[in-house]
Structures are given as structure tokens and as C-alpha cells.
Amino acid sequence: MAKITITNGGIEFECADDTIARAATRAGLGFPYECNVGECGNCRFELIEGEVSYVRQNPPAITERDAQRKRYLGCQAQPHGDCTIKVPLRDAYKSKHLPKKVQGELIAAIDVTHDIREFRFRLSQPAPFLAGQYALLSPPGVDGGRAYSMCNTGETGAEWHFQIRRVPNGVATTAIFDRLAVGESMGFDGPYGMAYLREEAPRDILCLAGGSGLSPMVSIARAAAASEALKGRSIHFIYGGRTPRDVCGQTMLQELAGYGERIHYHAAISMPDDPSAAGWAGETGFVHDVAEKMFGEHLSEFEVYFAGPPLMAQAVTKMLIKAKVPAGQMHFDQFY
Ligand SMILES: Cc1cc2nc3c(=O)[nH]c(=O)nc-3n(C[C@H](O)[C@H](O)[C@H](O)COP(=O)(O)OP(=O)(O)OC[C@H]3O[C@@H](n4cnc5c(N)ncnc54)[C@H](O)[C@@H]3O)c2cc1C
Ligand code: FES
């Protein structure tokens, strides 16, 4: 058990078999982070005293300059004994439901498209979460936890459901799709993430999902549809895929009370010239273009949630900034 002291906050917390940022989050502190897998760099801290090593070797977000300045990634750094660090804590990063490590048994695996499958796990102990949050999964034989967002809602936290897109030759997705059978268990750590549903926000909701970004947007739409505080609000859901066989999510929204009245689904494909797209009657283009075309100057009236690959998240952010949507109304995860 190591003691971590944050010099600029006058705070101490314990870290046992954990990374520094995750131990801090578990202790209820607002340690900055985003991806939890060493890709975004949001969790950087300065090591003043002590020694750390990385769980994930050579995490992509760390630069030579960081190393020279003794800056480390909190989500990947494990302490060797007591450490003193410097990091700006922020209340916005405090977790409502403190993350914990649990086991989960696979109880169902259901195909959503040709490459997205929903995996449902029953947890060894309840772990509630906010709609839109994610967990770190440890598939058997895979080094390092991989982040996946839940698609169900998490008031009880008895089950966590994930919609996962198979990555060709991907290490974690191959293990989950091909080597995990119903009835088998694996480790989970969560919930994490700041792109959760803001029930207190008095605005209509726009959910933008690209590819594997389906899961957290379905969770947000489900929770928003059930929320008493949001019952007068419209929910627009735009899903973007490459060709018609990628398009999904509509059946999940159709199950929600208010579908077709205050809940609306729109699909877009980005490769309309593909032979398989012949006869496609929906929208064409990338989700950010479709959202801009549909809502234009009204975008700033929405609370906007989005998830997908970094290129999509960057394009959506740029479009929303241009449309003068305040940063506080944008909530997103980039799927590195
Ligand atoms: C916050 C967040 C939420 C996500 N939610 C979803 C989701 O709901 N559905 C979905 O399909 N995908 C989601 N992803 C993407 C997912 O985590 C994986 O990147 C993706 O499934 C590829 O995994 P792979 O191992 O099969 O592919 P690979 O090509 O083998 O691995 C690619 C990715 O794995 C990660 N990685 C590689 N090595 C390590 C390591 N040692 N430790 C930690 N990470 C490592 C890196 O991020 C890398 O980009 C999410 C990602 C993030 C960051
Ligand atoms: S949270 Fe640590 S690199 Fe993204």
C-alpha cells in the first residue's frame, strides 16, 4: 500500500495495486482523466518525489518532453512506495458512483450488426453508473484494461451491457468475440467517464453516434426517455455508418415511450456510392454534416452528447464550436 500526497492540494490517499488516477478517483477525488488507456494525456501529473512505472508500456500520450519534466500519466502510472505529486484536482472529475473492481458473468451475446455485438454481464456485486459512462474490461489473456461504454441504464448496477464493434485482428475484441462463452466471467473496473446524462440541463437532447459510439448514446437516450426531469424534452439521435449494413440503433429507440413523438432517430451513411447503398433513402454524409444540416443555428439550444472514433469527435467538436454551442453543453468520449 503506497501513500500518495498531492502537494498543491494538501491531500493524501492510498494506492494499492492500482494506478494513481484510478486510486484517486476511487478515493472520491477529482483527479483529471478521460480515456483511462494512456491515449489522451488528460491525466498528466508531475512526480515530485518517489518512483512509478507504467502498466501499459510506452503509453502513446507521453512525450519526450513530459519524461524530461518528470510528467507521468496518472491512468497508467503505478507507484513503487510512497509518492508526492502535483496535479490540479477539479470537482468536475469527482465520480458520483465511485469505481470498483468486480467480476462479471456473460449472460447473453446478441448480434446488432455484422460487426457490432451486445454483450450482457451480470456483476458479482452491484455497481451503479450514470448513463453514458464506461468501464475497463479485462478480457482473459489481454494485457491492460480496455474501455467500453455501457448501453443499458445503471440505477441498480446489477448488470452492465456493452455494444462492442469487432476490430479486425484487434487484441481485446477478438478475445471478447471469439474466446468468451456465455457462463464465463472476466474482470471489470468502473464506472468512469464524464460524458454522462445531465438530467439538470433544461434543453432538448442531441445524441450523435459514429460506428462503435452506439453504446453510450443508446444509454443516454434510454435514461433521458425515462427521466422525470426531462419528460418535456425532445431527443434526436443521429447514427452514422459507412454503408446501410452498418446502420443500427433504431429498434432500441423504438422500444422507448415517446418514440416518433418526442424521440426521433435519423441514420446517415458516409459511402452512398457504394453498390450496397443502392436504394438508400436516408441521410448521406458524416454525422457532423448531417447534424449541421438538420439543426443549423438551433444547435446551441441542445445539450449535445457524442461518441465515436477521434476523427469523428474532432469533426463534431469543430462543427459545434462554429455553431456557437457552449463547451458546457458538449459531452463526449473519443474511442481511441
Ligand atoms: C472511453 C472509451 C470508451 C469506449 N467505448 C467503446 C464502446 O462502447 N464500444 C466499442 O466497440 N469500443 C469502445 N471503445 C474502443 C475500445 O476501447 C478499443 O479501443 C477497441 O475495441 C479496440 O480494441 P482491440 O484491442 O480489439 O483492438 P487493437 O487494435 O488491438 O487495440 C487498439 C486500442 O486498444 C488500446 N490498447 C492497446 N494496448 C493497450 C494496453 N496495454 N492497455 C490499454 N489499452 C490498450 C488502445 O486504446 C488502442 O487504440 C472505447 C474507447 C474509449 C477510450
Ligand atoms: S486518461 Fe490517462 S491518457 Fe487518457
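Quick notes on the rules
Residues numbered from 1 in each chain as written. Chains lettered and ligands numbered in written order. Predicted model: local features only at pLDDT ≥ 70, side-chain atom pairs only at ≥ 80, totals over all residues. Heavy atoms only, no water. Near = heavy atom within 4 Å. Polar contact = N/O pair within 3.5 Å; in protein donor to acceptor, adjacent residues only side chain to side chain. Areas by Shrake-Rupley, 256 points an atom, 1.4 Å probe, with all protein chains shown as cover. 1 Å grid on protein atoms, 1.4 Å probe; cavity = no way out; pocket = protein on both sides within 12 Å on 5 of 7 lines; lining within 4 Å. Sits in = over half its atoms within 2 Å of the grid points. Pairing = 2+ DSSP bridges. Helix = DSSP H or I, 4+ residues; strand = E, 2+ residues; numbered from the N terminus. Axes fitted to C-alpha atoms, helices over the stretch in contact; angles between N-to-C directions. Core = buried A, V, L, I, M, F, W, Y, C linked by side-chain atoms within 4.5 Å. Buried < 20%, exposed > 50% of the residue type's maximum accessible area, 1.4 Å probe, protein only. Domains from an automatic or database assignment. Buried area = accessible area lost by both parts, 1.4 Å probe. Nonpolar A, V, L, I, M, F, W, Y, C, P; charged D, E, K, R; others polar. Points joined across faces, edges and corners; volume = space filled by probe spheres on them. Parallel < 35°, antiparallel > 145°, perpendicular 65-115°, else oblique. Left-handed = near helix turned anticlockwise from the far one by under 90°. Contact = heavy atoms within 4.5 Å.

The next subject is the site of ligand 1. Inspection of the region around ligand 1 gives 24 residues, with A147, Y148, A172, T173 and Y336 positioned closest. In this structure, V171 approaches ligand 1 through a main-chain N or O atom, which is 2.8 Å from an oxygen atom. Here ligand 1 loses 84% of its free accessible area of 950 Å² to cover by the protein chains. In this structure, ligand 1 is accommodated by the largest pocket.

Another aspect to go through is the sheet that holds strand β2 (residues 11–15). Taken in spatial order, the five strands of this open sheet run β2-β1-β7-β3-β5, and their pairing is mixed. Only two strands of the sheet have a single neighbouring strand rather than two, namely β2 and β5 (71–73). Put simply, the sheet's adjacent strands are angled 40 degrees from each other on average, direction ignored. As paired elements, strand β3 (residues 44–49) and strand β7 (residues 83–86) share three bridges and run antiparallel to each other. Bridge assignment links L47 to a residue of β7, and that residue is I85.

If you look at the biggest cluster of nonpolar residues, it comprises 32 residues, and the most contacted ones within it are I4, F13, I20, F31, Y33, F45 and I85. Looking at this core, the elements with two or more residues in it are β1 (2–6), β2, α1 (20–26), β3, β4 (52–54), β7 and β10 (134–138). Counting residues per element, this core draws most heavily on α1, which supplies four residues. Looking at which domains feed residues into this core, each of domain 1 (2–93) and domain 2 (100–192) gives three or more.

Further remarks concern the domain arrangement of the chain. When its domains are assigned, the chain resolves into domain 1 (2–93), domain 2 (100–192) and domain 3 (204–334). Placing a centre on the C-alpha atoms of domain 2 and another on those of domain 3 gives a separation of 23 Å. In total, about 1,300 Å² of surface goes out of reach between domain 2 and domain 3, with carbon and sulfur atoms giving 54% of it. Among the residues of domain 2 in contact with domain 3, H114, Q163 and R165 are the three that bury the most area, contributing 36% of the side total. The interface formed by domain 2 and domain 3 includes eight residue pairs in polar contact (both at pLDDT 80 or more). For the side of domain 2 that touches domain 3, the element with the highest residue contribution is strand β12 (residues 159–165), accounting for four residues. Considered class by class, the residues forming the side of domain 2 that touches domain 3 number eight nonpolar, eight polar and two charged.

Note that the residue after G190, namely P191, is joined by a cis bond; omega there is 5 degrees. Of note, P191 is situated in strand β13 (residues 185–192). Despite not being glycine, N58 shows a phi value in the positive range, around 45 degrees. On the secondary structure map, N58 appears in the loop between β4 and α2 (64–68).

We now examine the layout of surface pockets. Its boundaries defined by the atoms lining it, the largest pocket holds a volume of some 830 Å³. If you go around the largest pocket, you meet 31 residues; those closest to its centre are R146, A147, Y148, F335 and Y336. When contributions to the lining of the largest pocket are tallied by element, the ones reaching two or more residues are β11 (146–149), β12, α3 (171–179) and β19 (330–334). No other element matches the four residues that β11 contributes to the lining of the largest pocket. Residues belonging to the lining of the largest pocket are distributed by class as follows: 13 nonpolar, 10 polar and eight charged. Of the volumes computed, that of the second largest pocket is approximately 440 Å³. Broken down by secondary-structure element, the contributors of at least two residues to the lining of the second largest pocket are β15 (235–241), α6 (287–295) and α7 (310–322). Tallied by class, residues from the lining of the second largest pocket come to nine nonpolar, eight polar and four charged.

Turning our attention to the packing of α6 against α7. Running from amino to carboxyl end, α6 crosses α7 at an angle of 25 degrees, the nearest separation of the two axes being 9 Å. Classified by the interaxial angle, the pair formed by α6 and α7 is roughly parallel. The interaxial crossing formed by α6 with α7 has right-handed handedness. Across from V287, H288, A291 and E292 in α6, the residues of α7 making contact are M312, A315, V316, M319 and K322. Grouping the amino acids of the contact of α6 with α7 by side-chain chemistry returns six nonpolar, one polar and two charged.

What the six strands build is an open sheet, ordered β11-β10-β13-β8-β9-β12; its pairing is antiparallel. With one partner strand each, in any of the chains shown, β11 and β12 form the two edges of the open sheet. Put simply, the sheet's adjacent strands are angled 40 degrees from each other on average, direction ignored. As defined by bridge partners, strand β8 (residues 100–111) adjoins β13 across six bridges and the pair is classed as antiparallel. For Q103, the partnering residue across the bridge sits in β13 and is G187. Docked against the sheet, helix α4 (residues 214–226) engages β11 and β12, running at close to 140 degrees with respect to β12.

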